[in-house]
Amino acid sequence: MTWLITLVAGAVGLPRPVAGILAWAAIALAVSGAALGGYELIKHWGADEVRAKIEKENTDAIHKGVDARMSLDECIDAGGVYDFGHQRCGVATLGPR
């Protein structure tokens, strides 16, 4: 480390103590940047995991809701209109068809 400080001090023309301070400041900046980058990376991974879990729960809830809809006979008996495309019972229309 001392040879690096001496090299920088000689090349730039700074006194050796000032070059040492600048070298340690650069090291501190690099270490803090790496720590902050690691923190942000871990935080981003955690957010992706939570987002994926919520999306899976939402998809499961949608499938359960669709499965719980009435069958064709139950839909007609209840006065609903069965949608064959989506295979579920829709609400009866309020006006003339």
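Quantities reported herein were computed from a predicted structural model and do not represent experimental measurements. Each residue is numbered by its place in its chain's sequence as written, counting from 1. In view of the model being predicted, local features appear only for residues whose pLDDT reaches at least 70, and side-chain atom pairs are presented and counted only at 80 or more, with totals across whole chains, interfaces and linings using the full set of residues. Values reported for side chains reflect all heavy atoms of the structure, with hydrogen atoms and water molecules removed beforehand.

### Observations regarding the overall build of the protein chain
1) Next: Strands here mean DSSP runs of E at least two residues long; helices mean DSSP runs of H or I at least four residues long; both are numbered from the N terminus. Along the backbone of the protein chain there are 3 helices and 2 strands.
2) Next: Reading the helices (α) and strands (β) of the protein chain from amino to carboxyl end gives α-α-α-β-β.
3) Next: Out of the 97 residues belonging to the protein chain, those deemed buried represent 9%.
4) Next: Contact criterion: two residues are considered in contact whenever any of their non-hydrogen atoms come within 4.5 Å of each other. Sequence separation of at least 24 residues holds for 2% of the intrachain contacts in the protein chain that already meet a minimum separation of 6.
5) Next: Surface accessibility of the protein chain: about 8000 Å² in total, with carbon and sulfur atoms responsible for 67%. Throughout, exposure labels follow a simple rule: accessible area from a 1.4 Å probe, protein chains only, divided by the maximum for the residue type, with under 20% read as buried, over 50% as exposed, and the rest as partly exposed. Here, Shrake-Rupley sampling with a 1.4 Å probe gives the accessible areas, and only protein chains in the shown set may cover a residue.

### Topic: the pattern of salt bridges
1) Next: Just to be clear on terms, a salt bridge is a Lys or Arg side-chain nitrogen sitting within 4 Å of an Asp or Glu carboxyl oxygen. Following the criterion strictly, the structure yields 2 salt bridges and no others.
2) Next: Taking the shortest distance from any N to any O, the salt bridge between Arg51 and Asp48 comes out at 2.8 Å. Of this pair, Arg51 and Asp48 are both found in helix α2 (residues 16–67), 3 residues apart, which corresponds to roughly one turn of the helix.
3) Next: By relative accessible area, which is 46% here, Arg51 ends up partly exposed.
4) Next: The partly exposed category is assigned to Asp48, whose relative accessible area is 32%.
5) Next: Note that Asp60 and Lys56 form a salt bridge whose closest N and O atoms lie 3.0 Å from each other. You can see Asp60 and its partner Lys56 sitting in helix α2, 4 residues apart, about one turn around the helix.

### Here we look at a nonpolar patch on the surface
1) Next: Patch construction takes residues with relative accessible area above 30% that form no salt bridge. Like charges are linked within 9 Å, and nonpolar side chains (Val, Leu, Ile, Met, Phe, Trp, Tyr) are linked within 5 Å. On the surface, Val12, Leu14, Val18 and Leu22 cluster together to form a nonpolar patch covering roughly 320 Å² of accessible area.
2) Next: By the secondary structure assignment, Leu14 is in the loop between α1 (2–12) and α2.

### Examining the confidence of the model for the protein chain
1) Next: Within a predicted model, pLDDT stands for the predictor's per-residue confidence, ranging from 0 to 100. Across the protein chain, pLDDT averages 80, with 87% of residues at or above 70.
2) Next: The least confident element of the protein chain is α1, whose mean pLDDT is 72; the most confident is α2, at 87.

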